[in-house]
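What follows is each chain in one-letter form.
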Amino acid sequence: MKAILLTFLTIISTNLIFAQQPGVRRSVNFRSIGKDSINLHFDENYFLIEDTCSSIVRYGHFDFKKRQFFGEFRDLNKMDPLIILAEGRYVDGKLNGPFSLKYLNGKPQAVGNFKDGSFDGRWELFYDDGKPRLNFTASGNTIMIEDAWDASGAAVVIKGEGKFRAELEGIYWEGKLVNGVPDGTWRCRRTTDRTNTILSSEVFKNGNFVKGSGPLGAYSDASRIVLVSPQIVPIGNASAMRISTTACDPSLSNKQYISAVYKHGWISFNEEVKRLVAPLFAKLDLKMYSGKALVIEGVVSEKGNITGLKPKGSFDSDISFGVSRELTRLPFLEPALINNVAVKQPITFTFSFTEGFYRFQYKLSPLISKQLQQTQ
């Protein structure tokens, strides 16, 4: 038993190193009781975390040799053990049978049934304020959406009819539902892409998949859409025994960084820069500046406008001032975000001159230190 336990501890430590930021040491402990009973600590998304800052305490059974849960388990709210967050049963490491999950505030999160770790039968999901979120029915690999509501409580799908957005990891599919399944054209986009660039699209007719198109070309074998992601019920993360990426010290927690972007795309932004500076350069003998470069630094503000433009170096001051002035007239961008909070982001424009011609490029600086401090 000691040998098995030590092996399991080694695996936990290995995962911990890969899961955390460089230089951050983690010490995630668990307590075994008897032969196979175990006491574990999770964060609110069911990732393993230090007991000093955990939200969920699990009492269950773990097969150390197979490294999987088995039998009945119970998850409690650490701050209020009277709140039973989840109860269920594992068979061969997979959830099976009736299941219910609550938020930390005690309100229902999900009610349904698992079969071999997958959704089975009718499920009801709720927002953390108790409002209904989604009702669906699962049968094998087929999922039918019954009803769906947005966070404000407004119905977006009623009895299988309406517009639906299927969220996955980093992307989402969106389109119309008829009788609970996709109909017409569905489109896939990145969750963080504010330009709404279409990654893939699929066409359905009378509830049947017709064809699709994605980065690797056209396909007609089967739809790639997952109407309900398994991650919508976070308890599945527990089975993987992964370490949380959130540190107990909030200042060390992972943050989501999204750079500034022009809503019509960077090609259109190129045209806007060209439109503003071309008349100015048309009046000059650019051969005089061959081999030189004009560098102008500025900032995309929290509102999205480009401000604080200043030339860098010893380029002709009149031209530098003129170009800087024109660039302040550029259209607003969608500002950079850190955890959905708008922050400033440095931007640099570089104009290079060769034999009477010019070319330009611009660069948004990485979101680090200074911007990070604004959100803390």
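Residue positions within a chain follow its written sequence, with the count starting from 1. The predicted nature of this model means local features are confined to residues of pLDDT at least 70 and side-chain atom pairs, given and counted, to a pLDDT of 80 or more, with totals for whole chains, interfaces and linings taken over all residues. By convention in this description, side-chain values take in all heavy atoms of the structure and omit both hydrogens and water.

A few words on the pattern of salt bridges. Salt-bridge detection follows one rule: a side-chain nitrogen of Lys or Arg within 4 Å of a carboxyl oxygen of Asp or Glu. On inspection of all chains with the given rule, the structure shows 14 salt bridges. Residue E167 pairs with R165 through a salt bridge whose shortest N-O separation is 2.6 Å. For every residue, the accessible area (1.4 Å probe, protein chains only) is compared with the maximum for its type, and the residue is labelled buried under 20%, exposed over 50%, or partly exposed between those bounds. Since its relative accessible area comes to 37%, E167 is described here as partly exposed. One continuous salt-bridge network, built from bridges that share partners, spans R122, E124 and E146.

Moving on, we come to the packing of helix α3 (residues 266-282) against helix α4 (residues 317-327). Lines fitted to C-alpha atoms define the axes, with helix axes restricted to the stretch in contact, and inter-axis angles between N-to-C directions lie between 0 and 180 degrees. Under the scheme used here, helices are H or I runs from DSSP no shorter than 4 residues and strands are E runs no shorter than 2 residues, and both carry numbers assigned from the N terminus. Orientation of α3 relative to α4, taken along the N-to-C sense of each, is 150 degrees, at an axis distance of 9 Å. Considering the angle they form, α3 stands roughly antiparallel to α4. The crossing of α3 and α4 is right-handed. When α3 is examined against α4, the residues V273, L276, V277, L280 and F281 are found in contact with a partner set consisting of I319, G322, V323, E326 and L327. Residue composition of the contact of α3 with α4, by class: 8 nonpolar, 1 polar and 1 charged. Roughly parallel covers angles under 35 degrees, roughly antiparallel covers those over 145, roughly perpendicular covers 65 to 115, and oblique covers all other angles. The handedness criterion is simple: a crossing whose near helix is rotated anticlockwise from the far helix by less than a right angle is left-handed, and one whose near helix is rotated clockwise is right-handed. Working rule for contacts: check all heavy atoms of both residues, and any pair within 4.5 Å makes them a contact. The residue classification treats Ala, Val, Leu, Ile, Met, Phe, Trp, Tyr, Cys and Pro as nonpolar and Asp, Glu, Lys and Arg as charged. All others, Gly included, are polar.

In an α-helix there are 3.6 residues to a turn, and that puts residues three or four apart on one side. Listed as buried for α4 are I319, S320, G322, V323, S324, E326 and L327. Looking at the buried side of α4, the elements it contacts are α3, β20 (293-300), β21 (306-312) and β24 (345-354). Identification of polar contacts relies on pairs of N or O atoms within 3.5 Å, with a donor-acceptor requirement for protein atoms, meaning one able to donate a hydrogen and the other able to accept it, and with residues adjacent in sequence counted only if both atoms are side-chain atoms. The N-terminus of α4 is capped by D316, whose side-chain oxygen sits 3.0 Å from the backbone nitrogen of D318.

This part takes up the environment of F281. If you trace the backbone, F281 turns up in helix α3. Separated by 75 residues in sequence, F281 and G356 place their C-alpha atoms 10.0 Å apart. Not counting the four nearest positions on each side in its chain, F281 is found in contact with L286, I319, V323, F351, F353 and Y358.

Moving on, we come to the side chain of S352. Note on placement: S352 falls in strand β24. Take S352: its relative accessible area is 19%, and that puts it in the buried class. Those residues in contact with S352, other than ones at most four positions away along the chain, are K292, A293, F357, Y358 and R359.

Here we come to the sheet that holds β20. Sheets are built from strands that pair by backbone hydrogen bonding, the pairs being arranged parallel or antiparallel. Two strands pair if DSSP finds at least two bridges between them. Taking strand neighbours across the sheet as the criterion, the 4 strands line up as β21-β20-β24-β25 in an open arrangement whose pairing is antiparallel. Taken across any chain shown, the strands that pair with only one partner, and hence form the sheet edges, are β21 and β25 (357-364). If you compare each strand with its neighbour and ignore which way they point, the axes differ by 20 degrees on average. Pairing of β24 with β25 involves 8 bridges; the strand directions are antiparallel. Its bridge partner lying in β25, I347 is registered against L364.

So, about the pairing of strand β9 (residues 118-126). Of the strand pairs in this sheet, strand β8 (residues 108-115) and β9 are connected by 5 bridges, and their pairing is antiparallel. The residue bridging A110 from the neighbouring strand is L125, located in β9. The loop that links β8 with its antiparallel partner β9 comprises 2 residues; one of these, D116, has a positive phi angle of about 55 degrees. Pairing analysis gives 6 bridges linking β9 to strand β10 (residues 132-139), with the strands arranged antiparallel. Across the sheet, R122 pairs through a bridge with T137, a residue of β10.

Turning next to the confidence of the model for the protein chain. For every residue, the predictor reports its confidence as pLDDT, a number between 0 and 100. Averaged over every residue, the pLDDT of the protein chain is 85; residues scoring 70 or more account for 86%. Within the model, pLDDT remains below 50 along residues 1-24, and this stretch shows 34 contacts once partners closer than five positions in the same chain are excluded. Low pLDDT (under 50) marks residues 369-376, which in the prediction has 18 contacts with non-local residues, meaning those over four places away or in another chain.

As summarised here, the arrangement of the 3 strands in space is β19-β22-β23, forming an open sheet in which the pairing is antiparallel. Where the open sheet ends on each side, the last strands, each with one partner, are β19 (257-258) and β23 (341-343). In terms of strand pairing, β19 meets strand β22 (residues 336-338) through 2 bridges, oriented antiparallel. Across the sheet, residue I258 finds its bridge partner in β22, namely L337.

What a helix is expected to span follows from its residue count: subtract one and scale by 1.5 Å. The first and last C-alpha atoms of α3 sit 24 Å apart over 17 residues, in line with the 24 Å expected at 1.5 Å per residue. In the structure, α3 departs most strongly from a straight axis at L276, where the bend amounts to approximately 30 degrees and where the proline P279 lies between one and four residues downstream. Buried residues of α3: F269, V273, L276, V277 and F281, and no others. Buried residues belonging to α3 abut β21, α4, β24 and β25. Note on bend: the value at a residue is the angle between axes fitted to the seven residues ending there and to the seven starting there.

Attention shifts here to the packing of aromatic side chains. Pairing of aromatic rings covers Phe, Tyr and Trp, the last counted by its six-membered ring, and requires centre-to-centre distances within 6.5 Å; plane angles under 30 degrees mean stacked, over 60 mean edge-to-face, and any other angle means tilted. In the structure shown here, the tally under the stated rule is 24 aromatic pairs. Plain terms: the ring middles of F281 and F353 are 5.5 Å apart, the flat faces sit at 90 degrees to each other, and that makes the pair edge-to-face. With F281 in helix α3 and F353 in strand β24, this residue pair connects regions lying 72 residues apart in the sequence. Under the relative-accessibility criterion, F281 is labelled buried at 3%. Residue class for F353 comes out buried when judged on its relative accessible area of 1%.

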